[in-house]
Amino acid sequence: GHKWGYGEEDGPSAWHKSYPIAQGTRQSPINIVPEEAVYDSRLPAITISYDNCTSLNISNNGHSVVVEFEDMDDRSVIQGGPLENAYRLKQFHFHWGGKDCDGSEHTVSGKTYVSELHLVHWNAVRYRTFGEAAAAPDGLAVLGIFMEKGDGHRDLHTITDALYMVKFKGSVANFKGFNPKCLLPSNLKFWTYPGSLTTPPLHESVTWIVLAEPIRVSDKQMTKFRMLLFSAEEEEQRKRMENNFRPPQPLKGRTVRASFK
Ligand SMILES: CCN[C@H]1CN(CCOC)S(=O)(=O)c2sc(S(N)(=O)=O)cc21
Ligand SMILES: [Zn+2]
């Protein structure tokens, strides 16, 4: 697809030129205003079954750092909440800032977090391939987890200690045996709303499930994320990978539901 990024020329404010859906009616992220969210007592809890997940590799795609999973069967799925069936875990990745003043994509009453973790799942009940699901209105379910500054997260260090292997765009490294359930906060209360991918192609195919409780990440761990590069090894200019977040988009009449009062 067309080259896009997070810079002055190729950043979020320019994406609409190649991806007109950027100005669509269900774009993500959004600013979540808890007082305006509708508590829905009929929303079941979300159930996350990652016990038999199979992580494959960690890679730098020039936009973020991604850990991919084996997704040929229902070994790791999310279900419940707003979802009508089980969605298979495909990958997780992060968005972060250059300093601690911003970095997350979703905001809560205008509050930004230093980073945001996205666990991407696809509807393998209704769609044959991930690519097909990624373009379908009920194709994806992304679990968003805020990351706030604090003492280091024990299990996050497994990831931050591996980042040196994928410094450059296009690098891939073995990353087996990692189970992301260790990254979940203790409380799974959430907000949910119909939205989109927050990067091109910006497909309006995501049921967002954003957890209200953040996990903590240390300064040292954030420094390791910021040592990644947007650039490939052979490129002249080395650009640090930071501020790879899209700002909140218009709600356009959507309702945000809350699983809690
Ligand atoms: C850099 C490219 N990012 C996207 C790549 N994919 C979409 C196209 O694939 C066929 S995807 O489904 O893995 C997702 S989820 C996601 S976010 N930030 O909304 O969770 C962005 C992307
Ligand atoms: Zn994301």
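Small disclaimer: the values here were computed from a predicted structure and weren't measured.

A. Representation of the confidence of the model for the protein within the structure. Per-residue confidence for the protein gives a mean pLDDT of 97, with 100% of residues at or over 70. Interface confidence in the predicted complex, given as ipTM, is 0.99; pTM for the same model is 0.99.

B. Representation of the site of ligand 1 in the model. Ligand 1 sits among 16 residues. The nearest are Gln-91, His-93, Phe-130, Thr-198 and Thr-199. Interatomic distance of 3.2 Å between a side-chain N/O atom of His-93 and a nitrogen atom of ligand 1. Thr-198 is positioned with one of its side-chain polar atoms (N or O) 2.7 Å from a nitrogen atom of ligand 1. When ligand 1 is considered free in solution it has 530 Å² of accessible area, and contact with the protein chains removes 81% of it. Secondary-structure elements contributing two or more residues to the shell around ligand 1 are strand 7 (87-96), strand 9 (115-122) and strand 10 (140-149). Sorting elements by how many residues they give to the shell around ligand 1 places strand 7 first, with 3 residues. When its residues are assigned to classes, the shell around ligand 1 shows 7 nonpolar, 8 polar and 1 charged.

C. Local environment of the coordination of the zinc ion (ligand 2). The zinc ion (ligand 2) binds to the protein through His-93 (NE2), His-95 (NE2) and His-118 (ND1), with metal-donor distances spanning 2.0 to 2.1 Å. Its 4 donor atoms give the zinc ion (ligand 2) angles of 99 to 117° at the centre, a pattern that matches the tetrahedral case. The sequence motif formed by the donor residues of the zinc ion (ligand 2) is H-x1-H-x22-H. Here His-118 lies in strand 9 and His-93 lies in strand 7, a separation of 25 residues in the sequence. A residue is classified by how much of its surface remains accessible, and His-93, at 13% relative accessible area, is buried. A relative accessible area of 1% places His-118 in the buried class.

D. The arrangement of the pattern of salt bridges in detail. In this structure the tally under the stated criterion is 13 salt bridges. Between Asp-74 and Arg-88 there is a salt bridge; the shortest N-O distance is 2.6 Å. Taken together, the residues Asp-74 in the loop between strand 5 (65-69) and strand 6 (77-80) and Arg-88 in strand 7 connect sequence positions 14 residues apart. Between Arg-126 and Asp-138 there is a salt bridge, and its shortest N-O distance comes to 2.5 Å.

E. Expanded view of the environment of Arg-126. By the secondary structure assignment, Arg-126 is in the loop between strand 9 and helix 2 (130-134). Assessed through its relative accessible area of 52%, Arg-126 is described here as exposed. If we ignore the near neighbours within four places in the chain, the residues touching Arg-126 are Asn-85 and Asp-138. Only 2.5 Å separates the side chain of Arg-126 from the side chain of Asp-138, close enough to count as a polar contact.

F. Quick peek at the nonpolar core. Ranked by size, the top nonpolar core spans 48 residues in total, and within it Ile-58, Val-65, Phe-92, Phe-94, Leu-119, Leu-143 and Ile-159 carry the most contacts. Breaking this core down by element, the ones donating at least two residues are strand 5, strand 7, strand 9, strand 10, helix 3 (156-160), strand 13 (206-211), strand 14 (215-217) and helix 4 (219-225). A per-element tally of this core places strand 7 first, with 5 residues. Discounting chain neighbours no more than four positions away, the residues touching Ile-159 are Ile-58, Phe-92, Phe-94, Phe-175, Phe-178 and Leu-183. By size, the runner-up hydrophobic cluster in this structure holds 23 residues, among which are Val-108, Val-142, Val-256 and Ala-258.

Conventions adopted
- Counting restarts for each chain, with residues numbered from 1 along the sequence as it is written.
- Here the convention is simple: chains get letters from A, ligands get numbers from 1, in the order in which they are written.
- Two thresholds apply to this predicted model, a pLDDT of at least 70 for residue-level local features and 80 or more for giving and counting side-chain atom pairs, whereas whole-chain, interface and lining totals are computed over all residues.
- Side-chain numbers here rest on the full set of heavy atoms in the structure, without hydrogens or water.
- Each residue carries a pLDDT score, the predictor's own confidence in it, on a scale running from 0 to 100.
- For each residue, the test is whether any non-hydrogen atom lies within 4 Å of the molecule or strand; if one does, the residue is near.
- Contacts described as polar in this section are N or O atom pairs within 3.5 Å, which, within protein, must combine one atom able to donate a hydrogen with one able to accept it, while residues neighboring in sequence count only if both atoms come from side chains.
- Accessibility throughout is a Shrake-Rupley quantity obtained with a 1.4 Å probe, and a residue counts as covered only by protein chains that appear here.
- Secondary structure elements follow DSSP: runs of H or I of four or more residues count as helices, runs of E of two or more count as strands, with numbering from the N terminus.
- Each residue gets one label: Ala, Val, Leu, Ile, Met, Phe, Trp, Tyr, Cys and Pro are nonpolar, Asp, Glu, Lys and Arg are charged, and the others, such as Gly, are polar.
- Any N, O or S atom lying within 2.8 Å of the metal counts as a donor, with the limit raised to 3.2 Å for Na, K and Ca; because water is left out of the atom set, some sites can appear incomplete.
- Irregular is the default label, applied whenever a site is not tetrahedral (four donors, all angles between 85 and 135 degrees) and neither square planar nor octahedral (four or six donors, opposite donors over 155 degrees apart, all other angles between 65 and 115).
- Between buried and exposed lies partly exposed: a residue is buried under 20% and exposed over 50% of the maximum accessible area for its type, with that area taken using a 1.4 Å probe on protein chains only.
- Basic side-chain nitrogens of Lys or Arg form a salt bridge, by our definition, when they fall within 4 Å of a carboxyl oxygen of Asp or Glu.
- Here, residues are in contact when the closest pair of their heavy atoms is within 4.5 Å.
- Only buried residues count toward a nonpolar core, which is a set of Ala, Val, Leu, Ile, Met, Phe, Trp, Tyr and Cys residues joined through side-chain atoms within 4.5 Å.

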